[in-house]
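# Structural characterization, general
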Amino acid sequence: MSLHDDAESVLKSYEDQPELRDLYLEHLAAHPDGVYKPCQAGHITGSALVIDPARGRVLLTLHKKLGLWLQMGGHCEPGDTTLAGAALREAVEESGIADGLTLLPGGPVRLDRHPIPAPCNWHLDVQYAALAPTGAVEAISEESLDLRWFPYGEVAAVADTSVVRLMEASLARF
């Protein structure tokens, strides 16, 4: 199964946000390369909010280009075989938590479509939640200006609505 096929399968089984889900599926049907960055009509991305439920906090990265506190995530790569795998790979790379990071069961938590600068127009983000193991130690990556744990109650003060909604939806799964 290709990454494109996996993305279609994941999205077909995702029951929330039906209008956005259908838009993602239409995008994939129209663009065989729709999971990769070169697709100028937009592309699927995978992200994961790293959560430490034992301490009631989430790990956010201060994005180097955008200057915003965001969840870990980014573009699918040719070696990715599943959308969940791409999201987990991004979470590991950007959080520096090499061992024990696992995705919350049940598939994607949310979808978020946001504009990006040309030549591409859209990121069609499939958002997961990743559980940090007890005692996880983060390490900043080259893609970040900063990396920091925030208590749940402080996320709305530092992050945009998309991150807050992802956190709320993730916590609702517990």
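Here goes a summary of the coordinates provided. Everything numeric here is computed off the predicted structure, so don't read it as measured data. Every residue gets a number counted from 1 within its own chain, in the order that chain's sequence is written. Totals for whole chains, interfaces and linings use every residue, but because this is a predicted model, local features are given only for residues with pLDDT of at least 70 and side-chain atom pairs only at 80 or more, for both listing and counting. Calculation of side-chain values draws on the structure's entire complement of heavy atoms; hydrogens and water are dropped beforehand.

Right, let's get into the packing of aromatic side chains. Any two rings among Phe, Tyr and Trp, with Trp reduced to its six-membered ring, count as a pair given centres within 6.5 Å; such a pair is stacked if its planes are under 30 degrees apart, edge-to-face if over 60, and tilted if neither. Evaluation of the coordinates by the stated rule reveals one aromatic pair. Between W69 and F150, the ring centres sit 5.0 Å apart and the planes meet at 75°, which makes this aromatic pair edge-to-face. Of this pair, W69 sits in strand β3 (residues 69-70) while F150 sits in strand β8 (residues 144-151), and the two are 81 residues apart along the sequence. Placement of a charge over a ring requires the Lys NZ or Arg CZ to be within 6 Å of the ring centre, with the centre-to-atom vector within 35 degrees of the ring normal. A cation sits over an aromatic face here: R57 above W149, 4.1 Å from the ring centre. It is R113 that lies over the ring of W122; its NZ or CZ is 3.5 Å from the centre. Counting from the N terminus, the helices are DSSP H or I runs at least four residues long and the strands are E runs at least two residues long.

Attention now goes to helix α2 (residues 18-30). An ideal rise of 1.5 Å per residue puts 18 Å on 13 residues; α2 measures up with 18 Å between its terminal C-alpha atoms. Accessibility here uses a 1.4 Å probe with only protein chains present; expressed as a share of the type maximum, an area under 20% marks a residue as buried, one over 50% as exposed, and anything in between as partly exposed. Those residues of α2 not exposed but buried are R21, Y24, L25, H27 and L28. All buried residues of α2 project into a common sector of 155° when viewed along the axis, lining one side. Away from the buried face of α2 by more than 90 degrees, exposed residues E19, E26, A29 and A30 are located. Looking at the buried side of α2, the elements it contacts are α1 (3-13), β1 (43-52), β6 (110-115) and β7 (122-131). Helix span, as expected, comes to 1.5 Å for every residue beyond the first. In this description, one arc is meant: the one made by directions from the helix axis to the C-beta atoms. In what follows, residue pairs with any heavy atoms lying within 4.5 Å of each other are defined as contacts.

Among the structural elements, R110 can be located in strand β6. The sign given to each residue is positive for Lys and Arg and negative for Asp and Glu; His and the chain ends receive no count. Just to be clear on terms, a salt bridge is a Lys or Arg side-chain nitrogen sitting within 4 Å of an Asp or Glu carboxyl oxygen. Despite its burial, R110 pairs with no opposite charge, the nearest such side chain being D112 at 4.5 Å. If sequence neighbours within four positions are ignored, R110 has contacts with Y14, Q17, D125, V126, Q127, S162, R165, L166 and A169.

If you check the backbone angles, Q17 has positive phi at about 45° while not being a glycine. Note on placement: Q17 falls in the loop between α1 and α2.

Counted by the stated rule, this structure contains seven salt bridges. We note a salt bridge from E77 to R89, for which the minimum N-O separation is 3.3 Å. With E77 in the loop between β4 (72-75) and α3 (83-95) and R89 in helix α3, this pair connects stretches of sequence that are twelve residues apart. Each of E77, D80, R89, E90 and E93 takes part in salt bridges that share partners, so that together they form one network.

For the pair α1 and α2, the least separation of the axes is 10 Å and the interaxial angle reads 160°. Looking at the two axes, α1 sits roughly antiparallel to α2. When you trace α1 past α2, the crossing you get is left-handed. Where α1 abuts α2, its residues H4, A7, E8, L11 and K12 lie against R21, Y24, L25, L28 and A29. The nonpolar class holds Ala, Val, Leu, Ile, Met, Phe, Trp, Tyr, Cys and Pro. Asp, Glu, Lys and Arg form the charged class, and all remaining residues, Gly among them, are polar. Residues of the contact of α1 with α2, tallied by class, amount to six nonpolar, one polar and three charged. To get an axis, a line is fitted to the C-alpha atoms, and for a helix only the part in contact is used. The angle between two axes follows their N-to-C directions and goes from 0 to 180 degrees. Note that the term roughly parallel is reserved for angles under 35 degrees, roughly antiparallel for angles over 145, roughly perpendicular for angles of 65 to 115, and oblique for everything else. Crossing handedness is read from the near helix: turned anticlockwise from the far helix by less than a right angle, it gives a left-handed crossing, and turned clockwise, a right-handed one.

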